[in-house]
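Here's the letter readout for the chains.
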Amino acid sequence: MNDEQVLASVLDSLAAVMELRRHQPVQLRARTAMLAVLTRHGELRVVELADHLQVDLSAVSRQLAHLEQDGLATRRPNPADGRSCLVSPTEAGLDLLARTRVESTHRLARSTEAWDRADLRALAGLLNRLHQDLAHGFLPTAAPAVTTASVPPTASEPPAVPVPPAAPARP
């Protein structure tokens, strides 16, 4: 296989892994996608949230109304522009996102429990490197991604495997 074929295979594999999320309820995927963006980027205008999620503004507005109704997100007037509002997750929203991430991490751990630790660490390192390179290549004007310090796990701890944020549900 040439390099382009290898990269096409990587894209196909990543898409197949992300497609496995279809087993989660659509509503939960949409909620966690919005909450993940708000957690990663902080308070955003609705139009910015839609842009990050790559979905129509009307879909974000509808989903945001559900999040607010359930106490998972809140809006406040934008002090810089009275025509817009700023959206942020509530403590309940952050808790839902944290629980969902823990469940996803546990599923991933169960799926890879037979893997050699070195293979798991190599996968984590390569995916992180790919993410950084893609962010640099596709988003030249964006601020660098915020990452947490990497602490090597002890012999009794499983390696930390970055869990990609949930992809937005398409309306």
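Residues numbered from 1 in each chain as written. Predicted model: local features only at pLDDT ≥ 70, side-chain atom pairs only at ≥ 80, totals over all residues. Heavy atoms only, no water.

1. A closer look at unusual backbone geometry
Next up, step 1: Backbone geometry places Q54, a non-glycine residue, at a positive phi of 60 degrees.
Next up, step 2: Turning to its location among the elements, Q54 is positioned in the loop between α3 (46-53) and α4 (57-69). (Helix = DSSP H or I, 4+ residues; strand = E, 2+ residues; numbered from the N terminus.)

2. Some remarks on the confidence of the model for the protein chain
Next up, step 1: Here the protein chain averages 82 in pLDDT, and 80% of its residues register 70 or above.
Next up, step 2: Per-residue pLDDT stays below 50 along residues 147-171; that stretch engages in 43 contacts with residues further than four places along the chain or on separate chains. (pLDDT = per-residue confidence, 0-100. Contact = heavy atoms within 4.5 Å.)

3. Considerations on helix α5 (residues 91-111)
Next up, step 1: An ideal rise of 1.5 Å per residue puts 30 Å on 21 residues; α5 measures up with 30 Å between its terminal C-alpha atoms.
Next up, step 2: The complete set of buried residues in α5 reads G93, L96, L97, T100 and S104. Each buried residue of α5 sits inside an arc of 95 degrees when the element is viewed along its axis, so together they form one side. Facing away from the buried side of α5 by more than 90 degrees, the exposed set consists of E91 and R110.
Next up, step 3: On its buried side, α5 packs onto α2 (26-41). (Expected span 1.5 Å × (residues − 1). Buried < 20%, exposed > 50% of the residue type's maximum accessible area, 1.4 Å probe, protein only. Arc of directions from axis to C-beta.)

4. Side note on the side chain of Q63
Next up, step 1: Position of Q63 relative to the elements: it lies in helix α4.
Next up, step 2: Leave out the neighbours within four places in its chain, and Q63 touches Q27, A30, R31 and M34.

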